[in-house]
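The chain contents come next:
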Amino acid sequence: MLLYDTLSASKREFEPIDRRRIGMYVCGPTVYDYNHLGHARTYLSFDLLHRYLRFKGFEVNYVQNITDVGHLVGEREAGQDKIKQKAEQTGQSLTEIIEHFSEAHKKDLRLLNILMPSEMPAASAHIKDIISFIEGLIEKRVAYQTTEGNVYFAVSKKPDYGKLSRRGLTEILTGTRVEPAKDKRSPADFALWKAAPIGTKELTWESPWSRGFPGWHIECSAMSRKYLGDTFDIHGSAVEHVFPHHENEIAQSESLTDKPLANYWVHTGLLTINGQKMSKSLRNAVTVSDALKNYSANEIRLAFFQTHYRKPFDYTSQALAQGVSLRSKIFTSYSGSLPSESDKAIWDEIISALEDDLDSPRALAIWAAEGVNKLSRQDNDKLMAIFGLNYRHLEDDETASRLAKERDEARKKGDFLTADNRKAELSSKGFEVIDNEQGSVYVPR
Ligand SMILES: [Zn+2]
């Protein structure tokens, strides 16, 4: 299988460290707000990769962290902690915010039919690991403590710093993302540990340097190492995390272990809404639960997978309508009779598209256009599992089966009012009614 690796800027044959078990780390949410569709796209893309690797027979040790401390507003060193800011705005306690949004995140994953990661470690539960990681970096003289009680990573001590985002230090120094702090040796240095203002109790810990809290980047380095080891197969997230987050993870981890952090760096493309960047100020952010009010998880998944995961995706009603029609097409054919043997050429074409850096748009196009009727039920089921589609059988839903029966009888008697009412009720139960010459087909949404 070919997988695009941001670090080498090329599609490379995927060679796992272990022939059976893959280690995959994906940066998880900062739990101060609901997931919007940009987040959903990232988790859906990695779900497709996760499912495809399982289809190929691998066991996947998938770690997705929960950031519950240290992610600062504007990702600035002097910014306020996002969770603390939310607590001040809402009057809730930090624990309430963290619990509420961690649960909301897990619920979104379930509702989108995303396979749960093997581990979802929270940063606040790994402070010891983080502190000993920082101690290791100080020992190696790539990090320094200041009189203010902060600890910074000295970027000048990592000669290949910038290799993932392909920017030189001059470019980084003139960029907008770095800022001088009084006690930093260089503006490009970034915080590993921050001293908390005196008297702050919540979400602060004693450390050799000060009572404080860890930086956001070090959390991922410490937790990925704990659960997946010094070097693992796949590290991923959205493309906006290439710099500074992943660049800094690489600097920290590789300076400590002298080994590569991950063999493949996988990044998902940006998501826009009607051509605009999604933002709080534009008030155009759509949450996962907003989207699920109008579309089923199957439809959202198919709409997203119709664009390659690395390309930008524009969330529009047309894009979603394509997801709806694709779902309808695939499910209608699937509900009919299927051959006992698959057309091997079609199966191979679909799989070779997926082998090519998960070319889901091509795979879906072949499957939907001519594939479903030419593949056995078993092979169709394999594709359903790869794309994470959930086909609910009408017979498994007692109420829906009764409504369908009543509708069929009403239509025979010419009672179209009752038939229409049953159609609407079936729709609210998540079944689409398709009438054709042979009769009516009821397919799940
Ligand atoms: Zn991370």
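Parameters and conventions
- Residues numbered from 1 in each chain as written.
- Predicted model: local features only at pLDDT ≥ 70, side-chain atom pairs only at ≥ 80, totals over all residues.
- Heavy atoms only, no water.
- 1 Å grid on protein atoms, 1.4 Å probe; cavity = no way out; pocket = protein on both sides within 12 Å on 5 of 7 lines; lining within 4 Å.
- Points joined across faces, edges and corners; volume = space filled by probe spheres on them.
- Helix = DSSP H or I, 4+ residues; strand = E, 2+ residues; numbered from the N terminus.
- Nonpolar A, V, L, I, M, F, W, Y, C, P; charged D, E, K, R; others polar.
- Domains from an automatic or database assignment.
- Donors = N, O, S within 2.8 Å, 3.2 Å for Na, K, Ca; no water.
- Tetrahedral: all angles 85-135°; square planar, octahedral: opposite > 155°, others 65-115°.
- Pairing = 2+ DSSP bridges.
- Phe/Tyr/Trp six-rings, centres within 6.5 Å; stacked < 30°, edge-to-face > 60°.
- Buried < 20%, exposed > 50% of the residue type's maximum accessible area, 1.4 Å probe, protein only.
- Salt bridge = Lys/Arg side-chain N within 4 Å of Asp/Glu carboxyl O.
- Core = buried A, V, L, I, M, F, W, Y, C linked by side-chain atoms within 4.5 Å.
- Contact = heavy atoms within 4.5 Å.
- Buried area = accessible area lost by both parts, 1.4 Å probe.
- Polar contact = N/O pair within 3.5 Å; in protein donor to acceptor, adjacent residues only side chain to side chain.

What follows is about empty space enclosed by the protein. Taken as a whole and judged by the stated rule, the model has three cavities of 30 Å³ or more. Here the second largest cavity defines a volume of roughly 70 Å³. For the lining of the second largest cavity, the secondary-structure elements that each account for two or more residues are helix 1 (37–55) and helix 9 (297–305). Partitioned by chemical class, the residues of the lining of the second largest cavity number six nonpolar, four polar and one charged. Domain assignment of the residues forming the lining of the second largest cavity places at least three in each of domain 1 (2–272) and domain 2 (295–387).

Glancing now at the coordination of the zinc ion. Within the protein, Cys 27 (SG), Cys 220 (SG), His 245 (NE2) and Glu 249 (OE) serve as the donor atoms for the zinc ion, at 2.0 to 2.3 Å. Angles of 79 to 130° at the metal separate the four donor atoms of the zinc ion, which places the site in the irregular class.

This next bit is on the layout of surface pockets. Over the atoms a probe the size of a water molecule is rolled, and this reveals where empty space is left. One number sums up the size of the largest pocket: a volume of about 1,400 Å³. Considering the residues around the largest pocket, the lining is formed by 48 residues, among which Tyr 32, His 36, His 39, Lys 82 and Met 278 are closest to the centre. Of all elements in the fold, only helix 1, helix 2 (82–90), helix 3 (94–111), helix 6 (216–228), strand 9 (232–238) and strand 11 (271–273) reach the threshold of two or more residues within the lining of the largest pocket. Among the elements that line the lining of the largest pocket, the one with the most residues is helix 1, at five residues. Of the residues in the lining of the largest pocket, the class split is 16 nonpolar, 22 polar and ten charged. Around the second largest pocket, the lining is made up of 23 residues, and of these Gly 79, Lys 194, Ala 195, Pro 197 and Phe 213 lie nearest the centre. Breaking the lining of the second largest pocket down by element, the ones donating at least two residues are helix 2 and strand 7 (190–195). When its residues are assigned to classes, the lining of the second largest pocket shows ten nonpolar, four polar and nine charged.

Attention now moves to the sheet that holds strand 12 (residues 276–277). On the basis of which strands lie adjacent, the open sheet formed by three strands has the order 12-11-13 and mixed pairing. The open sheet is flanked by strand 12 and strand 13 (313–315), the only strands paired with a single partner. Both strand 11 and strand 13 contribute to a ladder of three bridges, which runs parallel. Across the sheet, the residue bridging to Thr 272 is Asp 314, located in strand 13.

Attention now goes to the packing of aromatic side chains. Under the criterion given, the structure shown has 16 aromatic pairs. Geometrically, the ring pair formed by Tyr 34 and Phe 101 is edge-to-face, given 4.9 Å between the ring centres and 70° between the ring planes. With a gap of 67 residues between them, Tyr 34 in the loop between strand 3 (21–26) and helix 1 and Phe 101 in helix 3 connect regions that are remote in the sequence. Ring centres 5.9 Å apart and planes at 40° place the aromatic pair Tyr 144 and Tyr 152 in the tilted group. Tyr 152 sits in the buried class, given a relative accessible area of 2%.

On to the pattern of salt bridges, then. All chains considered together, the criterion is met by 31 salt bridges. Here Glu 406 ties to Arg 422 by a salt bridge, and the two come within 2.6 Å at their closest N and O atoms. With Glu 406 in helix 14 (residues 398–413) and Arg 422 in helix 15 (residues 416–428), the pair connects residues that are 16 residues apart, well separated along the chain. On the basis of relative accessible area, Glu 406 is assigned to the partly exposed category, the value being 24%. Through salt bridges with shared partners, a single ionic network connects Lys 11, Asp 356, Asp 359 and Arg 362.

Attention now goes to helix 7 (residues 242–257). Within helix 7, 16 of the 16 residues are buried, which leaves the element mostly enclosed by the surrounding structure. Looking one or two places after helix 7, you find Asp 258, whose phi comes out positive at around 60°.

Glancing now at the nonpolar core. Judged by nonpolar contacts, the single largest core of 69 residues is most densely connected at Ile 234 and Trp 367. The biggest single contributor to this core is helix 1, with nine residues. With sequence-adjacent residues up to four places away left out, Ile 234 is seen in contact with Leu 3, Phe 14, Ile 22, Gly 23, Met 24, Tyr 25, Leu 49, Leu 53, Tyr 264 and Val 266. One finds Val 69, Ile 97, Val 242 and Ile 250 within the second-largest nonpolar core, a separate group that totals 27 residues.

How big an interface is tends to be stated in terms of the accessible area lost upon association of its parts. Per the domain assignment, the segments making up the protein chain are domain 1 (2–272), domain 2 (295–387) and domain 3 (394–444). Computed from C-alpha atoms alone, the centre-to-centre distance between domain 1 and domain 2 is 33 Å. Between domain 1 and domain 2, the residue contacts involve 27 residues of the former and 26 residues of the latter. With both chains or domains summed, domain 1 and domain 2 bury close to 2,400 Å², and 62% of this area falls on carbon and sulfur atoms. The largest per-residue losses of area from domain 1 upon contact with domain 2 belong to Arg 41, Leu 48 and Tyr 52, which jointly make up 27% of the total buried on that side. Here domain 1 and domain 2 share three salt bridges between them. Residues Arg 301 and Asp 47 are paired through a salt bridge, measuring 2.6 Å at the closest nitrogen-oxygen approach. Summed over the shared surface of domain 1 and domain 2, the result is 18 residue pairs in polar contact (both at pLDDT 80 or more).

Okay, the pairing of strand 14 (residues 431–436) next. Across six bridges, strand 14 lies against strand 15 (residues 439–444) in antiparallel orientation. In the strand pairing of strand 15, Ile 434 is matched with Val 441. A loop of two residues connects strand 14 with strand 15, the two strands running antiparallel in sequence.

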